[in-house]
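Coordinate analysis (summary)
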Amino acid sequence: MPFKTKALQKTAPDQPFRVTEIERRDPRAHDVVIAIKAAGICHSDIHTTRDEWGKAPFPLTVGHEIAGIVEAVGDAVTKHAVGDRVGVGCLVDSCGECEQCLADEEQDCLRGNVGTYASKDRDGSITQGGYAEHVVVDERFVLGIPEGIELDVAAPLLCAGITLYSPIDRWGVGEGKAVAVIGLGGLGHMGVQIAAAKGADVTVLSRSLAKADLAAELGASRTIATGEEDWDAELRGTFDVILNTVSADLDLDRYLRLLKPHGAMVNVGLPPDAQSLGLGSLISGGKVLAGSNIGGIRQTQEMLDFCAQHGIGAVIERIGVADADAAYDRVVDGDVKFRFVIDTATFADEEVVPST
Ligand code: NAP
Ligand code: ZN
């Protein structure tokens, strides 16, 4: 039977969150029913609900950094059992048959994957995300959270963690490599920890030195304040890889000049507006300008295991469901160290508004 679950819902970009009940599907044979314990707030949730990436399908529940406990499983489920600690990231389905899916790259499914929220599901409904008490997800898209990482610390790994782990792996960031991470937010602070654990020398390029001490604790060897004049004078031609996590406009040419010849700048931040580029800074030195989109399910599990092995987790600030609107403003103001995570136990304190 389909069932109702409490959720934080937005009805329009300029409306606050409300606590309501949304419907979850009747679990199918391969489905896992998850009691969500923690849900991270990703800047993508904010871009989406503020219509910064185009019109969102309201009413909408967002959230794709989900950690919880398996409450029930369908008859055919083999990967997870009741009581398991599990997570769900940005994907809940894909064709499973195309070249990309067969290569464990479901994020690039050639027939179009199904995102955890604001995406058209197989049955035509619009998917609803993780700011909720329960979610129902096909077992293929449910990850195991290793012992040793608390669920609320693990939740942001499901998006922020994999989004940095994947390009770090692909572009060979590790021992003997100099890497710069632009933007020390939710994604950036995962990039610093993972790149440092891989053995790379990590420089943080942040607007100020306000987070420099924390950056050092995360494993950065230095922080440069990009808000200062001539901040880049000594840095030109020094990095093998630059990971750009910034959610706003950036002078790409200036950052490309910081790469060594043949170095790569990988963009994961997705600002609402188009960015411009003078091709000279790319051509000179034969540099690479690349992008990266989360990661596949196999690699997401690899990332979770890697983080557990290296004692890496997100640095979080726990909030109640009533604090979500204020948290959004604080993320946009750069006032978060480094990820807000909603404690779903606080749904119990909230009155439910009937859904429309
Ligand atoms: P976040 O926590 O807000 O971090 C973004 C960071 O960018 C801030 O902490 C800030 O770092 C820097 N920044 C913000 N505004 C800036 C500006 N005007 N100029 C220069 N730097 C600025 O956001 P997030 O959750 O990490 O997400 C970052 C971006 O990645 C978003 O656009 C999000 O949608 C995107 N994203 C992409 C993927 C993917 O698969 N590619 C996955 C998840 C998210 P400092 O304070 O240190 O300067
Ligand atoms: Zn995200």
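Rules behind the numbers
Residues numbered from 1 in each chain as written. Chains lettered and ligands numbered in written order. Predicted model: local features only at pLDDT ≥ 70, side-chain atom pairs only at ≥ 80, totals over all residues. Heavy atoms only, no water. Axes fitted to C-alpha atoms, helices over the stretch in contact; angles between N-to-C directions. Helix = DSSP H or I, 4+ residues; strand = E, 2+ residues; numbered from the N terminus. Parallel < 35°, antiparallel > 145°, perpendicular 65-115°, else oblique. Left-handed = near helix turned anticlockwise from the far one by under 90°. Contact = heavy atoms within 4.5 Å. Nonpolar A, V, L, I, M, F, W, Y, C, P; charged D, E, K, R; others polar. Donors = N, O, S within 2.8 Å, 3.2 Å for Na, K, Ca; no water. Domains from an automatic or database assignment. Buried area = accessible area lost by both parts, 1.4 Å probe. Expected span 1.5 Å × (residues − 1). Buried < 20%, exposed > 50% of the residue type's maximum accessible area, 1.4 Å probe, protein only. Near = heavy atom within 4 Å. Polar contact = N/O pair within 3.5 Å; in protein donor to acceptor, adjacent residues only side chain to side chain. Areas by Shrake-Rupley, 256 points an atom, 1.4 Å probe, with all protein chains shown as cover. Phe/Tyr/Trp six-rings, centres within 6.5 Å; stacked < 30°, edge-to-face > 60°. Lys NZ or Arg CZ within 6 Å of the ring centre and 35° of its normal.

Contact pair helix α4 (residues 160-170) / helix α5 (residues 186-197): the axes reach a minimum separation of 8 Å and the direction vectors enclose 45 degrees. Relative to α5, the element α4 is oriented oblique. The interaxial crossing formed by α4 with α5 has right-handed handedness. Counting all contacts with α4, which are made through A160, G161, T163, L164, Y165 and I168, the residues of α5 involved are G186, L187, M190, G191, I194 and A195. Residue composition of the contact of α4 with α5, grouped by class: eight nonpolar, four polar and no charged.

It is worth spelling out the coordination of the zinc ion (ligand 2) at this point. On the protein side, the zinc ion (ligand 2) has C42 (SG), H64 (NE2) and C159 (SG) as donor atoms, found 2.0 to 2.2 Å from it. Each donor residue of the zinc ion (ligand 2) lies on the same chain, and together they follow the pattern C-x21-H-x94-C. Pair noted here: H64 is in the loop between α1 (43-49) and β4 (66-73) and C159 is in the loop between α3 (151-154) and α4, with a separation of 95 residues, a long-range link.

The next point concerns the domain arrangement of the chain. Under the domain assignment used here, the chain contains domain 1 (3-159 + 295-349) and domain 2 (161-291). Computed from C-alpha atoms alone, the centre-to-centre distance between domain 1 and domain 2 is 27 Å. If you look at the interface, domain 1 gives 23 residues, while domain 2 gives 24 residues. Looking only at domain 1, the three residues that lose the most surface to domain 2 are Q299, F306 and F338, adding up to 29% of its buried area.

Here we come to α5. Along its twelve residues, α5 runs 17 Å from first to last C-alpha, staying within 8% of the 16 Å computed at 1.5 Å per residue. Of all twelve residues that make up α5, ten are buried, and the element is covered over most of its length. Each element contacted by the buried residues of α5 is listed here: α4, β10 (178-182), β11 (201-206), α6 (212-218), α9 (297-309) and β17 (339-343). Directly beyond the C-terminal end of α5, a positive phi value near 100 degrees is found at G199.

Taken together, 27 residues are adjacent to ligand 1, and H43, S206, K211, I294 and R339 come closest. The separation between an oxygen atom of ligand 1 and a polar main-chain atom of I294 is 2.8 Å. Burial of ligand 1 by the protein chains amounts to 88% of its free accessible area of 930 Å². Per-element tally for the shell around ligand 1: the top contributor is α1, with three residues. By residue class, the composition of the shell around ligand 1 is eleven nonpolar, 13 polar and three charged. Summarising the domain contributions, the shell around ligand 1 has at least three residues from each of domain 1 (3-159 + 295-349) and domain 2 (161-291).

Another point: the packing of aromatic side chains. A complete count under the given rule lists four aromatic pairs for this structure. Seen in terms of ring centroids, F17 and Y131 are 5.9 Å apart; in terms of plane orientation they differ by 55 degrees. Their pairing is tilted. Taken together, the residues span a long stretch of sequence, with F17 in the loop between β1 (3-9) and β2 (18-24) and Y131 in the loop between β7 (114-115) and β8 (134-138) at a distance of 114 residues. Counting every residue linked through ring pairs, the aromatic cluster contains F17, Y131 and Y328. K10 extends its terminal NZ or CZ atom over the ring of F17, reaching a point 5.1 Å from the ring centre. One residue, K198, lies across the ring of F306, its end atom 4.7 Å from the ring centre.

Attention now goes to the environment of V332. Inspection of the secondary structure puts V332 in helix α10 (residues 324-332). Residues V332 and F58, spaced 274 residues apart in sequence, show a C-alpha to C-alpha distance of 21 Å. What V332 contacts, discounting residues up to four positions off in sequence, is H43, I46 and R50.

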